[in-house]
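Summary of the model geometry
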Amino acid sequence: MNLFRVKYLTLLVLPAVLFACSGEQNNDGDEHLQKNQPPLKIISPLNEDDFTVGDIIEVQIEVNKPTEVKNLELYFADTLYQTGLDAVTQTIQIDTKNGNVGFTKIHLSYQTSDGEQHGDTRKIVLFSDTAPVQKKAVIVKSYVHDKSSYTQGLEFNNNQLFEGTGQLGQSILAEVNLNTGQILRKISLEPSYFGEGITILNDTIYQITWTDKTCFVYDLNFNKIREMNYEGEGWGLCNDGTYIIMSNGTNEIVWRDPHTFEIVKQLYVFSDQSDYSNLNELELINGNLFINVYTEDYIVEVDTAYGKVLSVIDCADIVIDGRVPGADVLNGIAHHKSSGKTYLTGKWWPKLYEVKFEEVTLP
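Residues numbered from 1 in each chain as written. Predicted model: local features only at pLDDT ≥ 70, side-chain atom pairs only at ≥ 80, totals over all residues. Heavy atoms only, no water.

Things to note about the pattern of salt bridges
- Scanning all chains against the criterion turns up 11 salt bridges.
- Salt-bridge contacts for R122 lead to D120; the nearest nitrogen and oxygen are separated by 2.9 Å. Each member of the pair, R122 as well as D120, carries the same accessibility label: buried.
- Across the pair K213 and E231 runs a salt bridge whose closest N-O atoms are separated by 3.8 Å. Taken as a pair, K213 in the loop between β15 (204-209) and β16 (214-219) and E231 in the loop between β17 (224-229) and β18 (237-239) lie far apart in primary sequence, 18 residues in all.
- On the accessibility criterion, K213 (36% relative accessible area) is partly exposed. (Salt bridge = Lys/Arg side-chain N within 4 Å of Asp/Glu carboxyl O. Buried < 20%, exposed > 50% of the residue type's maximum accessible area, 1.4 Å probe, protein only. Helix = DSSP H or I, 4+ residues; strand = E, 2+ residues; numbered from the N terminus.)

As C-alpha cells, this is what we get:
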C-alpha cells in the first residue's frame with residue numbers, strides 16, 4: 001500500500017515540477033496541460049489512504065476552472081455529505097465517527113456549463129476504533145456428528161437441527177438428530193453442485209452453492225420451490241428475521257432480499273488493525289454475527305451496524321478434540337434461540353459441541 005502511495009504522489013507532483021522549471025512564461029506544452037486539466041480534482045486524500053473511525057478527514061479540493069463548475073456536492077460513503085459548495089479551491093472536513101469500517105468512497109459531483117455530470121472519487125479505508133475482546137470457546141457437552149458430512153451450514157428451526165453439506169456428488173440438505181447425530185431425512189443436490197451455507201426464514205429453507213451462483217429454495221418438507229441467482233461465490237448464510245445474510249469468502253458480508261436475492265446492504269469486516277477475509281459459515285446471535293474464518297481455529301464476532309470486529313474467539317481446544325485424522329477444518333455454528341445454547345462442529349468431524357464463549361483475562 002505504501003509503494004502505491006509513493007507512485008500516486010509522484011504522478012501528482014511531477015506536472016507541478018515541470019511548470020516551476022518553465023519560468024513565468026507559458027509555452028505550448030503548458031497551454032495544452034491547462035486546457036486539458038479537469039475543472040476540479042481532489043488533491044487529498046489519495047486512493048487507499050487509511051483512517052480510523054472517528055478521524056476527521058480533510059478533503060482538499062483544487063478548482064482550476066470555476067466557471068465550469070456548477071452544483072458542487074460532496075458525497076461520503078454514497079451519502080450526500082454537503083451540498084451548495086462554492087466552486088473555489090478549499091478544504092472540507094469529514095467526521096467519520098459514524099462511518100462503516102472497510103472500503104469507503106469520497107466523491108465530488110458537479111455539472112459543467114454544458115449540463116454534463118462529472119466528478120472525482122477517492123476510495124479510502126476505515127479501520128475500527130475498537131480493539132477486539134479476546135474470548136475462548138469452552139466445551140460444555142459433546143454429541144455424535146456424522147463424519148461423512150462436510151459441514152457448510154448448521155441451523156436450528158423450531159427445535160429441529162438442519163445441516164447443509166458440500167463436495168461434488170456428496171452435497172445434501174438434511175435434518176439431523178442432535179442427540180444421536182443420525183440423519184433423519186435428506187435431499188441430495190445434483191452431482192454438479194457444491195453445496196454451501198443454509199438458513200431458514202419464514203418456514204423457507206435457502207441453500208447456496210459455491211461457484212454455481214445458484215440459491216435453492218425449499219419448503220420445510222424439502223420440496224424445491226424455486227431457484228435464484230447471484231454474482232460471485234457463495235459461502236455462508238444466516239438471517240435476521242427479515243433479510244438473508246451471506247458471506248462470499250472475502251471480507252465482505254451482504255444482506256439480501258429473500259424474494260429477489262438482490263443486495264440491500266453491504267458491510268466489510270475490519271478490526272482496528274486489519275480486515276478479515278475468508279469469512280465462511282455465520283450465525284446471528286443476540287444481534288451480532290459470529291463467523292468462521294476458513295482454515296482458522298477462531299471465530300470473529302462482528303457488529304452488524306458498522307462491520308467492526310468486537311471479539312476474536314479462540315476455538316483451539318475444540319479443534320484439537322474434533323479434528324481427528326481425516327477430518328477437515330472448523331466450520332458450522334448453530335444457535336438455539338429458546339435455550340440460548342450455541343453449537344460448533346467442523347467438516348467431516350465425528351463430534352458436535354455445545355459451547356460457551358468466555359472472555360480471556362489477559363495478564
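From this point, things continue past the structure.
Comments concerning the sheet that holds strand β11 (residues 160-165)
- Read from one edge of the open sheet, 4 strands run β10-β11-β12-β13, paired in antiparallel fashion. The open sheet has two edge strands with one neighbour each: β10 (151-157) and β13 (183-188). Neighbouring strand axes in the sheet, compared pairwise and without regard to direction, differ in orientation by 20° on average.
- Bridge analysis of β10 against β11 gives 6 bridges, and the strand direction is antiparallel. Paired with T151 across the two strands is T165, which belongs to β11. (Pairing = 2+ DSSP bridges. Axes fitted to C-alpha atoms, helices over the stretch in contact; angles between N-to-C directions.)

Some remarks on the sheet that holds strand β20 (residues 252-256)
- The strand order across the open sheet built from 4 strands is β18-β19-β20-β21, with neighbouring strands paired in antiparallel fashion. Unpaired on one side and paired on the other, β18 and β21 (263-268) mark the two borders of the sheet. Across the sheet, the axes of successive neighbouring strands diverge by a mean angle of 25°, strand direction being ignored.
- Sheet topology places strand β19 (residues 244-247) next to β20; 4 bridges connect them, and they run antiparallel. Across the sheet, residue I244 finds its bridge partner in β20, namely R256.

Here's the deal with unusual backbone geometry
- With an omega of 5°, the peptide bond between S44 and P45 qualifies as cis.
- In this model, D78 sits at a positive phi of 65°, which is unusual for a non-glycine residue.
- Along the polypeptide, D78 turns up in the loop between β4 (70-76) and β5 (79-85).
- For D78, a relative accessible area of 61% translates into the label exposed.
- With phi around 65°, F261 is a residue other than glycine that occupies positive phi space.
- In this fold, F261 is placed in the loop between β20 and β21.
- For F261, a relative accessible area of 1% translates into the label buried.

Looking at the environment of I208
- For I208, the location among the structural elements is in strand β15.
- With a relative accessible area of 0%, I208 lands in the buried category.
- In the structure, I208 is positioned 134 residues away from L74 in sequence and 38 Å away in space, judged by C-alpha atoms.

Considerations on the confidence of the model for the protein
- On average, residues of the protein carry a pLDDT of 90, and 90% of them reach 70 or more.
- Confidence over residues 1-25 falls short of pLDDT 50; this stretch has 19 contacts with residues more than four positions distant or in other chains. (pLDDT = per-residue confidence, 0-100. Contact = heavy atoms within 4.5 Å.)

Here we look at the pairing of strand β27 (residues 341-346)
- Among the 6 residues in β27, 5 count as buried, and that is most of the element.
- Relative to β27, strand β26 (residues 330-336) runs antiparallel, the two being bridged by 5 bridges. The partner of I333 across the bridge, within β27, is L344.
- Adjacent in sequence and paired antiparallel, β26 and β27 are bridged by 4 residues, among which G340 carries a positive phi angle near 75°.
- Sheet topology note: the β27/strand β28 (residues 351-359) ladder contains 3 bridges and is antiparallel. Residue pairing for β28: T342 is matched across the bridge by V355.
- Hairpin connection between β27 and β28: a loop of 4 residues separates the two successive antiparallel strands, and W348 in this loop has a positive phi of roughly 60°.

Quick look at the packing of aromatic side chains
- Scanning all chains against the criterion turns up 16 aromatic pairs.
- Considering the side-chain rings of Y193 and F216, the 4.9 Å spacing of their centres and the 85° angle between planes classify their relative orientation as edge-to-face. Highlighted residues: Y193 in the loop between β13 and β14 (195-201) and F216 in strand β16, separated in sequence by 23 residues.
- Residue F216 is classed as buried on the basis of its relative accessible area, which comes to 3%.
- Summarising the aromatic geometry, the rings of W349 and Y353 are spaced 6.3 Å apart at their centres and angled 85° between planes, so their arrangement reads as edge-to-face. The pair W349 / Y353 is uniform in exposure class, with both members buried.
- Among the aromatic residues, those joined into a ring-pair cluster are F103, F127, Y268 and F270.
- We note K123 situated over the ring of F103; from NZ or CZ to the ring centre the distance is 5.1 Å.
- Above the ring of F222, the side-chain terminus of R185 is found at 4.2 Å from the ring centroid. (Phe/Tyr/Trp six-rings, centres within 6.5 Å; stacked < 30°, edge-to-face > 60°. Lys NZ or Arg CZ within 6 Å of the ring centre and 35° of its normal.)

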